[in-house]
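Examining the three-dimensional arrangement
This is what each chain is made of:
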Amino acid sequence: MKNEKMLHKISQGMYVLSTQKAACFVDAVSQVGGGDHPLISVAVMKKNYTNEVMHNTTHFAISIFGKNNDGSIIQTFGFQSSRDVDKFKDVESIEINGVQIPADLVGYMYLEKIDTIENDTHTIFIGKVIEAEQFKEDEAMTYQYYQEHKEEVLKLKTESGKTAWVCQVCGYVYYGEELPDDYECPVCTVGKSYFVKQTK
Ligand SMILES: Cc1cc2nc3c(=O)[nH]c(=O)nc-3n(C[C@H](O)[C@H](O)[C@H](O)COP(=O)(O)O)c2cc1C
């Protein structure tokens, strides 16, 4: 079995990816070119609604999640789908050409999509940075920090009296006595072996 913890040690950040009418939480962001308009790649799961919308839009934004940001942002953007909810309903935001950008994070980059690469599970979207602004002074949270402090960051309080299964990759909580053998995390798609049972 592959040790998922090794992937957590790749030094990635924590971001909100937003485009017109869809947004999700991501960590798979890299700088892949420099110069006046640096190139940034973001890998988006094909099952995500944001992936579908990204194929049909020309611009997107990547906002940086800071160590002092509220973990509810991760739940809002990462644990539910834009298919079902308006993720910006209770989130203060600014807007650039129809792309909503959370106003309470460290800052953002606004990009023009220039290329896409498809693999089995993800599309890698590559964008050229058009503008970037900082909203506040804060240290960016790394994916490794999140993995090691997930309960604290998400203020994970599983409901007492209920048996909960917590996904060790993304923090998603499933309530139920038993997790079906073929269960797949609805957020990050890992299987049953990545869930840890908690009974309070
Ligand atoms: C910490 C964290 C990191 C995530 N990283 C990614 C990622 O890099 N790429 C991705 O496609 N989804 C990632 N996700 C999952 C999406 O945010 C999630 O599936 C979301 O509900 C998709 O929403 P949508 O259907 O509105 O696009 C991550 C979730 C969490 C909580």
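In short, a report on the structure. Just so it is clear, the model here is predicted, and its values are computed rather than measured. (Residues numbered from 1 in each chain as written. Predicted model: local features only at pLDDT ≥ 70, side-chain atom pairs only at ≥ 80, totals over all residues.)

Bringing the overall build of the protein into the picture now. A count of helices and strands for the protein gives five helices and twelve strands. Relative to the 2.2 N^0.38 estimate, which gives 16 Å for 200 residues, the radius of gyration of the protein is 17 Å and therefore close to what a compact globule would have. Across its three principal directions, the C-alpha atoms of the protein cover 50 × 35 × 30 Å. A separation threshold of at least 6 residues defines the contact pool for the protein, and within that pool the share at least 24 residues apart is 62%. (Helix = DSSP H or I, 4+ residues; strand = E, 2+ residues; numbered from the N terminus. Rg over C-alpha atoms; globule rule 2.2 N^0.38 Å. Contact = placed C-beta atoms within 7 Å.)

In the sheet, strand 3 (residues 29-33) pairs with strand 4 (residues 39-45) via four bridges, with the strands oriented antiparallel. Considered in strand 4, the bridge of Ser30 is made with Ser41. The antiparallel hairpin formed by strand 3 and strand 4 contains five residues in its connecting segment, where Gly35 sits at a positive phi of about 85°. (Pairing = 2+ DSSP bridges.)

Let us now look at the site of the ligand. In the region of the ligand, 24 residues are neighbours, and Ala28, Thr50, Gly78, Ser81 and Ser82 sit closest. Sorting elements by how many residues they give to the shell around the ligand places strand 2 (residues 22-26) first, with four residues. Taken together, the residues of the shell around the ligand break down into 16 nonpolar, six polar and two charged. Built from parts of two domains, the shell around the ligand gets at least three residues from each of domain 1 (4-145) and domain 2 (156-199). (Near = placed C-beta within 6 Å. Nonpolar A, V, L, I, M, F, W, Y, C, P; charged D, E, K, R; others polar. Domains from an automatic or database assignment.)

It is worth spelling out the nonpolar core at this point. Within the largest apolar cluster, 36 residues are counted, with the highest numbers of intra-cluster contacts made by Tyr15, Val16, Leu17, Ala61, Ile62 and Phe65. Considering every element that reaches this core, the biggest residue donor is strand 2, with five residues. Excluding residues that lie within four positions of it along the chain, Val16 makes contacts with Ala23, Phe25, Ser63, Phe65, Ile73, Phe77, Pro102 and Leu105. Membership of the second largest hydrophobic core comes to six residues, among which are Cys167, Cys170, Tyr172 and Phe195. (Core = buried A, V, L, I, M, F, W, Y, C linked by C-beta atoms within 7 Å. Buried ≥ 20, exposed ≤ 12 C-beta atoms within 10 Å, placed from the backbone.)

Right, let's talk about the sheet that holds strand 12 (residues 195-199) for a bit. Taken together, the three strands give an open sheet; going across it, the order is 11-10-12, and neighbouring strands pair in antiparallel fashion. Whereas interior strands pair on both sides, the edge strands pair on one side only; in this sheet they are strand 11 (173-175) and strand 12. Across the sheet, the mean angle separating the axes of adjacent strands is 30° when strand polarity is ignored. Where strand 10 (residues 163-167) and strand 12 come together, five bridges link them in antiparallel fashion. What sits directly across from Ala164, in strand 12, is Gln198. (Axes fitted to C-alpha atoms, helices over the stretch in contact; angles between N-to-C directions.)

Turning next to the pairing of strand 1 (residues 15-19). Counting buried residues along strand 1, five of its five residues qualify, which places the element largely inside the surrounding structure. Side-chain alternation along strand 1 places Tyr15, Leu17 and Thr19 on one buried face and Val16 and Ser18 on a second face that is also buried. Where strand 1 and strand 2 come together, five bridges link them in antiparallel fashion. Paired with Ser18 across the two strands is Ala23, which belongs to strand 2. Hairpin remark: strand 1 followed by strand 2, antiparallel, with two residues in the connecting loop; positive phi at Lys21, about 70°. Across four bridges, the pairing between strand 1 and strand 5 (residues 59-64) is antiparallel. Bridge pairing in strand 5 places Val16 opposite Ser63.

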